[in-house]
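# Geometric and topological summary
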Amino acid sequence: AALILHDDEIPVTDEKISTLLNAAKVEFEAFWPSLFANALAGANIGELVASVGSGSGGGAAPAAGAAPAAGGDAAPAAEAKKEEPEEESDEEMDFDLFD
């Protein structure tokens, strides 16, 4: 319903969402329309839809080859990449799942 309203350039409100859901004969709890309307208040729905498949979990991350900020020194890529600790082997833990 929110996407339909956005596509028609109609403000997304709980009343409009309820109207659309009722017209489509959708059964829903009374709190859902206001929940969605409040969640989308102030959000750019077009950007939300465009970023669904991008995998960016919220904030925009800088590109891998992005230029450093003005006045900052660029750290070598080897230093920027953090080393992950090695996992312990079964022998080191004195534990075997299948014993």
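Provided above is the structure to which this section pertains.
Summarised in this report is the structure supplied together with it. (Residues numbered from 1 in each chain as written. Predicted model: local features only at pLDDT ≥ 70, side-chain atom pairs only at ≥ 80, totals over all residues. Heavy atoms only, no water.)

### Details of the overall build of the protein chain
The number of helices and strands found in the protein chain is six helices and zero strands. Here the protein chain holds 99 residues, and the buried ones make up 9% of them. For the protein chain, restricting intrachain contacts to residue pairs at least 6 apart in sequence, the fraction spanning at least 24 positions comes to 29%. Roughly 8800 Å² of accessible area belongs to the protein chain as shown, and the carbon and sulfur atoms make up 55% of that amount. (Helix = DSSP H or I, 4+ residues; strand = E, 2+ residues; numbered from the N terminus. Buried < 20%, exposed > 50% of the residue type's maximum accessible area, 1.4 Å probe, protein only. Contact = heavy atoms within 4.5 Å. Areas by Shrake-Rupley, 256 points an atom, 1.4 Å probe, with all protein chains shown as cover.)

### A word on the packing of aromatic side chains
For the structure shown, the criterion picks out two aromatic pairs. With a centroid separation of 4.7 Å and 35° between ring planes, the pair formed by Phe-31 and Trp-32 is classed as tilted. Using a relative accessible area of 36% as the deciding quantity, one classes Trp-32 as partly exposed. Between the aromatic rings of Trp-32 and Phe-36, the centroid separation amounts to 6.0 Å while the plane-to-plane angle is 45°, which identifies the pairing as tilted. In this pair, Trp-32 and Phe-36 both sit in helix α3 (residues 31-40), four residues apart, roughly one turn of the helix. For Phe-36, a relative accessible area of 45% gives the class partly exposed. (Phe/Tyr/Trp six-rings, centres within 6.5 Å; stacked < 30°, edge-to-face > 60°.)

### Looking at unusual backbone geometry
Backbone geometry at Glu-9 places phi at a positive 60°, although glycine is not the residue there. Looking at the element boundaries, Glu-9 is found in the loop between α1 (2-7) and α2 (14-23). Unusually for a residue other than glycine, Lys-25 sits at a positive phi of about 55°. In this fold, Lys-25 is placed in the loop between α2 and α3.

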